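# Structural overview for review
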Amino acid sequence: MADNLPSEFDVIVIGTGLPESIIAAACSRSGQRVLHVDSRSYYGGNWASFSFSGILSWLKEHQENRDIVNEDPAWHEQILENEEAIALSRKDKTIQHVEVFCYASRDLHEEVEEAGALQKNHASVISENPTEAVHSAYLPSEDESLCTASCEMLTEQTPSSDLETALEINNVKVTGETKKHDDKTCMKSASEEETSKNVPTTEGTALQPKKTRITYSQIIKEGRRFNIDLVSKLLYSRGLLIDLLIKSNVSRYAEFKNITRILAFREGRVEQVPCSRADVFNSKQLTMVEKRMLMKFLTFCMEYEKHPEEYKAYEEITFSEYLKTQKLTPNLQYFVLHSIAMTSETASNTIDGLKATKNFLHCLGRYGNTPFLFPLYGQGELPQCFCRMCAVFGGIYCLRHSVQCLVVDKESRKCKAIIDQFGQRIISKHFLVEDSYFSENTCSHVQYRQISRSVLITDRSILKTDSDQQISILTVPGEEPGTFAVRVIELCSSTMTCMKGTYLVHLTCTSSKTAREDLEPVVQKLFTPYPETETG
């Protein structure tokens, strides 16, 4: 915060989200005088990452957020006759209707605090109607799904569902109303349940040591080990954002991990999808004939533009229909459609599907056996990296610094200045404003699409393997007409986003109903309740 800033800049940027931070860094690097302000107390805006207590505080802040009525009218006196003001919102209205459920053992005492915390965390985020959550159709437990948060988000309409494209969305609107309860019901992953049916048990068998269940107080104590993203995205290893990070040298401020597994959900089971040539030939899921079919088709996709005769006649049909005309088994068609092209039966035509498949294959091998990267400590690191570069080249940063209004010239209709919370008038040539600062009327011409989001803290992977340090992406296709595929990203503790022994699971899809109605069926498929006899 600053109450005596210079009165003139070349560029003023309001909001520290990823798009705003990239532009601020570019302007500063090119020699422009940049002022970058945000009314929030943290970097990243709606692209931020929070510790566990931080996310609870963030929720509580938005619960208690009220319209500010006691504004100082002094700034109106600074508007001249040939000017008009566009008032900016002092309340972030992009956060609404969040539901939070806690299923871990509630042994929390009042004195339990997050390790290293400077002040007592807001662990008392409670439901206004706590009984409502008790009647939930799915009840994950302390054994599997420890904490769940679901929400609806509005994002600016984008022409493609591509993961990299989605990273460039300007505006993320999240929704929030918190609910919690103490219900305890044991859960385990669907894949593990199937495995357990095939394991013989006898009375004489030595009892296996029981896994210690993670409690709510443990999560609170280790809360600083969590970095919970408001927006969870993966980066294509040869995508535009990775190229920008490398060329701008911003990559030196961040570290990344390669996604280790591409998963598919088929016939009620989670399976690993072979991607690289080595994976295909080492796969036990595919027959030798299927391996040859898949390699032949993927080789064609890498250079499909050279063979237009192979697809020209199918340009008008969906990619799903096109795959049926190729010599691919239903098993291979499913893998290519949902886990490689990452589209649905109706979403993409043949050309879009071939482009998506080629892009996937093109990104393989640059940093690992999958095409995706994830930033250590969460997506919130990326805006901070660009902010750091902006500051290095002379950009001025002010958090907790509100802007009252934009000053617009009536004749030219160009913005010429801002007036901040201290009544200071600051002139600039260029302005960039995150749209959450504008009223709904100002943004009425912008088309948005609604996104359903959920975040789960679990203590088992959705597909158990020898290693517990797997980073996975799974696409669960919609089953009914009008429903959309759900993208699932599972992060392990080596990503520095959760404590050891837990996983952070992000679920995202285009909304058709409420977030809970959209995502709950997928959670039910991936996390199955234990029999009552085991819940002891």
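Conventions used here
Residues numbered from 1 in each chain as written. Predicted model: local features only at pLDDT ≥ 70, side-chain atom pairs only at ≥ 80, totals over all residues. Heavy atoms only, no water. UniProt positions renumbered as here; feature names shortened; annotations may be inferred. Pairing = 2+ DSSP bridges. Helix = DSSP H or I, 4+ residues; strand = E, 2+ residues; numbered from the N terminus. Axes fitted to C-alpha atoms, helices over the stretch in contact; angles between N-to-C directions. Salt bridge = Lys/Arg side-chain N within 4 Å of Asp/Glu carboxyl O. Buried < 20%, exposed > 50% of the residue type's maximum accessible area, 1.4 Å probe, protein only.

The name given to the protein chain in an unreviewed UniProt entry is Rab proteins geranylgeranyltransferase component A, and the organism recorded there is Vulpes vulpes. The protein chain has a UniProt comment under Function (unreviewed entry) that states "Substrate-binding subunit (component A) of the Rab geranylgeranyltransferase (GGTase) complex. Binds unprenylated Rab proteins and presents the substrate peptide to the catalytic component B. The component A is thought to be regenerated by transferring its prenylated Rab back to the donor membrane."

## Here's the deal with the sheet that holds strand β2 (residues 34–38)
Here seven strands make up an open sheet; going across it, the order is β4-β16-β17-β18-β1-β2-β15 and the pairing mixed. Across the chains shown, the open sheet's two edge strands, defined by having one partner strand only, are β4 (83–87) and β15 (396–399). Adjacent strand axes in the sheet meet at a mean angle of 35° when their direction is disregarded. When strand β1 (residues 8–14) meets β2, the two strands line up parallel, connected through four bridges. Pairing of Val-11 across the sheet is with Val-34, part of β2.

## Section: the sheet that holds strand β10 (residues 235–236)
Reading across from one edge, β10-β14-β11 is the order of the three strands in this open sheet, with antiparallel pairing throughout. Taken across any chain shown, the strands that pair with only one partner, and hence form the sheet edges, are β10 and β11 (256–258). In this sheet, strand β14 (residues 372–375) lies alongside β11 in antiparallel orientation, the contact comprising three bridges. From the neighbouring strand, Asn-258 faces β14, where its bridge partner is Leu-373.

## Topic: the pattern of salt bridges
What the rule picks out here adds up to 15 salt bridges. In this structure, Asp-10 and Lys-429 form a salt bridge, with 3.6 Å as the shortest nitrogen-oxygen distance. With Asp-10 in strand β1 and Lys-429 in strand β18 (residues 425–433), this pair connects stretches of sequence that are 419 residues apart. What makes Asp-10 buried here is its relative accessible area of 8%. In this structure, Arg-261 and Glu-490 form a salt bridge, with 3.7 Å as the shortest nitrogen-oxygen distance. Of this pair, Arg-261 sits in strand β12 (residues 261–266) while Glu-490 sits in strand β21 (residues 486–491); the two residues are 229 residues apart in sequence, bridging distant segments of the chain. In terms of burial, Arg-261 and Glu-490 fall into one category: buried. One network of salt bridges, in which partners are shared, links Glu-83, Asp-409, Lys-416 and Arg-425.

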